[in-house]
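# Descriptive analysis of the structure
In case you want the letters, here they are:
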Amino acid sequence: GADNVLDIAISPSNKLYGMTPQKGIIEIDWETGEYETISSDLYLNASSLVCANENELYYLSNSENLFKYDISLDLSTLIAAIGHDTPGDICIHKRNIIFPTLYDIKAYNLDTEELSTIFCFPDVELHYGISTMPIDCDSSTILLSNYSTLSNPDFIKVNLESGMSTPIEGGPNSSVAIYGM
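Read on for an overview of the structure. (Residues numbered from 1 in each chain as written. Predicted model: local features only at pLDDT ≥ 70, side-chain atom pairs only at ≥ 80, totals over all residues. Heavy atoms only, no water.)

## Overview of the nonpolar core
Counting 13 residues, the largest nonpolar core has I25, L49, L57, Y59 and Y69 as its most contacted members. When contributions to this core are tallied by element, the ones reaching two or more residues are β2 (16-20), β5 (46-53), β6 (56-61) and β7 (65-70). Among the elements that line this core, the one with the most residues is β5, at three residues. Excluding residues within four positions of it along the chain, Y69 makes contact with I25, I38, S39, N55, E56, L57, Y59, D74, L75 and S76. If you look at the next biggest cluster of nonpolar residues, it comprises twelve residues, including A107, I142, L144 and I156. (Core = buried A, V, L, I, M, F, W, Y, C linked by side-chain atoms within 4.5 Å. Buried < 20%, exposed > 50% of the residue type's maximum accessible area, 1.4 Å probe, protein only. Helix = DSSP H or I, 4+ residues; strand = E, 2+ residues; numbered from the N terminus. Contact = heavy atoms within 4.5 Å.)

See the structure below:
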């Protein structure tokens, strides 16, 4: 089986992809749970994955490099040596690959090829999941899952324009760690 699916990505046509340390990138059948390895590229020492469009996936390797994977060509291309890794997810927000580190949220702009810090955490915290708000793609608000301690809020809403973060009430049971979104 495809043990340890570390992250998932969903394409616009509803295809489900997973990142695994054993198999690389897999495509998972929604109905059966069966999977097919689509890339076992040597660069796939990664735990984060996001779908950009129907044929492109991005992943941040554990060696702090950002790659683009072209599904139709079965080709991984190094986009940038980021110099940072993430304990969890990456997502696309306004043509930026964004991801949490222990100290902040970084953004790699796909057009300018620049890396910047877009939000600083008040304390060192483990944020695994990161996602844009699905209701409004133009929003400057993102969601984070928090796992620095089980007493902290499970979800945090971050407004990138104002620099404010707000815990979301009524999340899952605080004894459950949310690793991805």
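## Here's the deal with the side chain of N109
The topology assignment puts N109 in strand β11 (residues 104-109). Classification of N109 as buried rests on a relative accessible area of 17%. A polar atom in the side chain of N109 sits 3.4 Å from the side chain of N96. (Polar contact = N/O pair within 3.5 Å; in protein donor to acceptor, adjacent residues only side chain to side chain.)

## Comments concerning the environment of I118
Along the chain, I118 turns up in strand β12 (residues 115-120). For I118, a relative accessible area of 28% gives the class partly exposed. Sequence separation of I118 and I105 is 13 residues, and the distance between their C-alpha atoms is 5.7 Å. What I118 contacts, discounting residues up to four positions off in sequence, is I98, I105, K106, A107 and L160.

## Comments concerning unusual backbone geometry
Phi at D74 is positive, roughly 50 degrees, even though this residue is not glycine. The residue D74 is located in the loop between β7 and β8 (75-81) in this model.

## Topic: the environment of L115
Position of L115 relative to the elements: it lies in strand β12. Judged by relative accessible area, which is 34%, L115 ranks as partly exposed. Not counting residues within four places of it along the chain, the set of residues in contact with L115 comprises I82, H84, F99, K106, A107 and Y108.

## Digging into the sheet that holds β5
The four strands lie next to each other as β5-β6-β7-β8, forming an open sheet whose pairing is antiparallel. What marks the edges here is a single partner per strand, and that holds for β5 and β8. Sheet twist, expressed as the mean angle between neighbouring strand axes with direction ignored, is 25 degrees. (Pairing = 2+ DSSP bridges. Axes fitted to C-alpha atoms, helices over the stretch in contact; angles between N-to-C directions.)

By themselves these figures say nothing about function.
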